[in-house]
Amino acid sequence: MTRFLPRTAPPIRAGGLVAATALLLAAAPHTVASAAPTAAAPVVALGGPAQTALHPYAEGGDGPKRSTARITVTGADDTAYEGGFTVTFDLTGAAGIADVAFEPEAGIECAATAPGSATCTGHGISPGRSTVTDLLLTAAKGSEPGDTGTIRVTGEAEGTAFTPFTTEVTVGGPDLVMHRLPFDHEPVPGQKQQAPITFTNRGSRVADGVVLTLRHSRGLDIPQRYSNCAYTTDEAWTTARCTVEGAFEAGATYTLAAPLTLKTTDRAYRDIFGYGIHEAGAGTVRGATAARATRGTTGEVLRAVPAPKPMAARALDLEPGDNEHEADFRTENTADFVAYGDTASGRAGATVTARLGFRNDGPAWIGHLRSGESVAAVDFTVPQGATVTSAPEGCRGVSAEGTALPSGWTGPAPRYVCPTPATVRDDGGLDLSFGLRIDKVLLGAVGRVVVRGPEPRAAGLPFDPEPGNNTARVVLNGESGGPSPAPSDGPGDGASGTPGSATPTPTTGGAGAGAGGTVAPGAAQNTATGNGGSLAATGSSTAMAASGLAVTALTAGLVLFTAARRRRRA
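Attention in this report is confined to the structure presented alongside it. (Residues numbered from 1 in each chain as written. Predicted model: local features only at pLDDT ≥ 70, side-chain atom pairs only at ≥ 80, totals over all residues. Heavy atoms only, no water.)

## Describing the overall build of the protein
Argument step 1. Within the protein, the regular secondary structure consists of 4 helices and 39 strands.
Argument step 2. In the protein, which comprises 570 residues, the share counted as buried stands at 45%.
Argument step 3. Across the protein, contacts joining residues at least 24 apart in sequence account for 82% of those joining residues at least 6 apart.
Argument step 4. Accessible surface for the protein amounts to roughly 26,900 Å². Of this, 53% is attributable to carbon and sulfur atoms. (Helix = DSSP H or I, 4+ residues; strand = E, 2+ residues; numbered from the N terminus. Buried < 20%, exposed > 50% of the residue type's maximum accessible area, 1.4 Å probe, protein only. Contact = heavy atoms within 4.5 Å. Areas by Shrake-Rupley, 256 points an atom, 1.4 Å probe, with all protein chains shown as cover.)

Given below as structure tokens:
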């Protein structure tokens, strides 16, 4: 939302308001009682930074430098409060230490209501966390470095209870500024770069220990491991949080005792490395266990030492951007997305499960880390004579031409598009499962599976050097003894337009026709990928027995399933 700063309300000065303390304390029991949770009332939580450092007061120039403390309210995850609410600020604890002004969120109004007190009023609290106001804090005239005070925040709303919140303000403090590293941002696989992490304390007091945070995406690696770092890894990121002991003096610059090594791995493509520094305390990894040293490392302690000579750093600035930087890397590399399909046979009315999708044969992993957009999409055209009874979550039905279905469409579709997540690992892919009802037995009915770009207008995969294996097939009731019919050439080969399919042949005569079709023995594998698959069929075994044709089929050596499903490579 767009924030606004009230132009008519002057800054609210905590200093000089001590005389009103008795009045506020007299009102405190009422305030606390209103904020106490009750069993019947939903509870919302007030929050913000536990501590905020203020630049020492300075005469002249552009005036005192401002710090910001964002005050938030967190509503119930599944319930929105639609009534009015009031958030009250008791500023007497910061009298003579901090001057306070308000920058409320749009739709919220803040104003002084009594000496040493202010309120913000609004309407409606959404589920989750939202901003009430930013406290704009400056050190009061006459304050001294080391002075500390508190601001107490309470809330009130009909039928809703607020948990109170207290934030501490301190004049002076460290200001850790991370230096930007001069990387080669277009490395090649296997390239190693030194990362001599360097930071300066541009604040007014010593930093008692620091926490160094290193975060890199899957295509990068830091071979060193340290005993005072805690390591976590997920699908796309590895994060190390290293607690470094020591007293880091104001005005001094520090660097690592030995520079880190940032390695571009064989799976790199579009990657990010982030590095940040914070004072130990709120940023310390509390309760975390340091990672064990990996094989071939000594597990030594990561240390920071004074830099051999002063390095350029930005002027004092308490904005978070001073504490951390990110570097983006573009590596020339490829990833081979290989589509796979499935085969099955069944009688009319039977339901089978088609397993299809693609795997990434690498070497690169692919991630849209900045945009969060899908890497690719699986485009599945349903075989003729079949109807989709169940589709994976996230897949959307489209017309046979790939266009949107009419508004309000609720039935099955002839074609489905399934987007991938924003990251696809080099050993990953997308596995999908569709339920298909065989409405009419057509020998060699073929559906098309295409892995393509996330949008039809950008259907290519620029990182994929082998587009020929981006297409596979789902074959129903393939002819006995012969290969499954190959998909016809057409717009579908480019993954946009209508994917082509072979013309199926209706069954005529015999058990296959009279009973809706039986399975042709030896149904072919998926020749598009070099691997086959089988579809699990479900239906009424009682009806099959009652038809009188099951014995004939068995004596003829026919079987319901004809191909072993291709096992996806681990």
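Here the narrative resumes, following the displayed structure.
## Some details on the state of the cysteines
Argument step 1. The final tally for this structure, using the stated rule, is 3 disulfides.
Argument step 2. In this model, Cys110 is linked to Cys120 through a disulfide, with the two sulfur atoms separated by 1.9 Å. Note on the Cys110 and Cys120 pair: the S-S dihedral is about 110°, so by sign convention the disulfide is right-handed. Of the two residues, Cys110 is situated in strand β7 (residues 109-114) and Cys120 in strand β8 (residues 117-125); the sequence distance between them amounts to 10 residues.
Argument step 3. Under the relative-accessibility criterion, Cys120 is labelled buried at 0%.
Argument step 4. Note on cysteine connectivity: Cys395 is disulfide-linked to Cys418, with sulfurs 2.0 Å apart. (Disulfide = S-S within 2.5 Å.)

## Focus on the pairing of strand β15 (residues 198-201)
Argument step 1. Side chains of β15 alternate between two faces, with Thr198 and Thr200 and Phe199 and Asn201 buried alike.
Argument step 2. Bridging between strand β13 (residues 176-178) and β15 involves 3 bridges; their strand directions are antiparallel. Opposite Leu176, over in β15, you have Asn201 as the bridge partner.
Argument step 3. Here 3 bridges tie β15 to strand β20 (residues 253-256), and the two strands are oriented antiparallel to one another. Residue pairing in the sheet places Thr198 in a bridge with Thr255 of β20. (Pairing = 2+ DSSP bridges.)

## Concerning the sheet that holds β7
Strand pairs in the sheet, formed through backbone hydrogen bonds, run parallel or antiparallel to each other.
Argument step 1. Pairing is mixed in the open sheet, where 6 strands are placed in the order β3-β12-β10-β5-β8-β7. Two strands lie at the open edges of the sheet, namely β3 (51-54) and β7, each paired on one side alone. Going across the sheet, the axis of each strand differs from the next one's by a mean of 25°, ignoring polarity.
Argument step 2. Bridge count for β7 against β8 is 5 bridges, and the pairing is antiparallel. Bridging across to β8, Ala112 finds its partner in Ala118. (Axes fitted to C-alpha atoms, helices over the stretch in contact; angles between N-to-C directions.)

## A word on the packing of aromatic side chains
Argument step 1. Enumeration over the complete set of coordinates arrives at 13 aromatic pairs.
Argument step 2. Of the aromatic side chains, those joined through ring pairs into one cluster are Phe183, Phe273, Tyr275 and Phe329.
Argument step 3. Directly above the aromatic system of Trp237 lies the positively charged group of Arg215, at a separation of 3.7 Å from the ring centroid.
Argument step 4. Directly above the aromatic system of Tyr231 lies the positively charged group of Arg225, at a separation of 4.7 Å from the ring centroid. (Phe/Tyr/Trp six-rings, centres within 6.5 Å; stacked < 30°, edge-to-face > 60°. Lys NZ or Arg CZ within 6 Å of the ring centre and 35° of its normal.)

## A look at the nonpolar core
Argument step 1. Of all hydrophobic cores here, the largest spans 38 residues; its most connected members are Phe337, Leu356 and Phe434.
Argument step 2. Within the residue set of this core, elements represented by two or more residues are β25 (335-340), β27 (351-363), β29 (377-381), β30 (386-390), β32 (415-419), β34 (429-438), β36 (445-452) and β37 (471-476).
Argument step 3. When residues of this core are assigned to their parent elements, the largest contribution, 5 residues, is made by β34.
Argument step 4. Leu54, Phe102, Cys110 and Ala157 belong to the second largest nonpolar core, which has 32 residues in total. (Core = buried A, V, L, I, M, F, W, Y, C linked by side-chain atoms within 4.5 Å.)

## Considerations on empty space enclosed by the protein
Argument step 1. Going through the model one piece at a time under the given rule, you end up with 3 cavities of 30 Å³ or more.
Argument step 2. Of the pockets and cavities examined, the largest cavity occupies roughly 90 Å³.
Argument step 3. In this structure, the largest cavity is lined by 13 residues; those nearest its centre are Leu214, Ile222, Gln224, Tyr231 and Ala240.
Argument step 4. Residue assignment for the lining of the largest cavity shows that the elements contributing at least two residues are β16 (207-217), β18 (229-233) and β19 (237-248).
Argument step 5. With 3 residues, β19 is the largest single contributor of residues to the lining of the largest cavity. (1 Å grid on protein atoms, 1.4 Å probe; cavity = no way out; pocket = protein on both sides within 12 Å on 5 of 7 lines; lining within 4 Å. Points joined across faces, edges and corners; volume = space filled by probe spheres on them.)

## Comments concerning the sheet that holds strand β22 (residues 270-279)
Argument step 1. Spatially, β18-β19-β16-β22-β24 is the arrangement adopted by the 5 strands of the open sheet, whose pairing is antiparallel. In the strand order of this sheet, the two ends are held by β18 and β24 (324-330), each with one partner. Neighbour-to-neighbour, the strand axes of this sheet turn through a mean angle of 15°, independent of strand direction.
Argument step 2. As judged from the 7 bridges shared by β16 and β22, these two strands associate in the antiparallel manner. By the bridge assignment, Val211 is partnered in β22 with His278.

## A closer look at the side chain of Asn469
Argument step 1. Summarising the element assignment, Asn469 is placed in the loop between β36 and β37.
Argument step 2. Classification of Asn469 by relative accessible area gives buried; the value is 15%.
Argument step 3. A distance of 3.2 Å separates the side chain of Asn469 from the side chain of Asp336, its partner in a polar contact. (Polar contact = N/O pair within 3.5 Å; in protein donor to acceptor, adjacent residues only side chain to side chain.)

## Some words on the pairing of β20
Argument step 1. Examined bridge by bridge, β20 and strand β23 (residues 304-306) share 3 bridges and lie antiparallel to one another. Within β23, the residue paired with Thr255 across the bridge is Val305.

## Some words on the pattern of salt bridges
Argument step 1. Per the stated rule, a full pass over the model turns up 13 salt bridges.
Argument step 2. When the shortest N-O distance is used, the salt bridge between Arg218 and Asp426 registers 2.7 Å. Taken together, the residues span a long stretch of sequence, with Arg218 in the loop between β16 and β17 (220-221) and Asp426 in the loop between β33 (423-424) and β34 at a distance of 208 residues.
Argument step 3. Taking relative accessible area as the criterion, Asp426 reaches 17% and is therefore assigned buried. (Salt bridge = Lys/Arg side-chain N within 4 Å of Asp/Glu carboxyl O.)

## Comments concerning the side chain of Thr138
Argument step 1. Topologically, Thr138 is positioned in strand β9 (residues 128-139).
Argument step 2. Once residues within four sequence positions are removed from consideration, Thr138 is found in contact with Leu54, Pro64, Lys65, Arg66, Ile97, Ala98 and Asp99.

## Some words on the environment of Gly48
Argument step 1. When you line up the elements, Gly48 lands in the loop between β2 (43-47) and β3.
Argument step 2. C-alpha of Gly48 to C-alpha of Ile71: the two residues are 23 residues apart in sequence and 4.7 Å apart in space.

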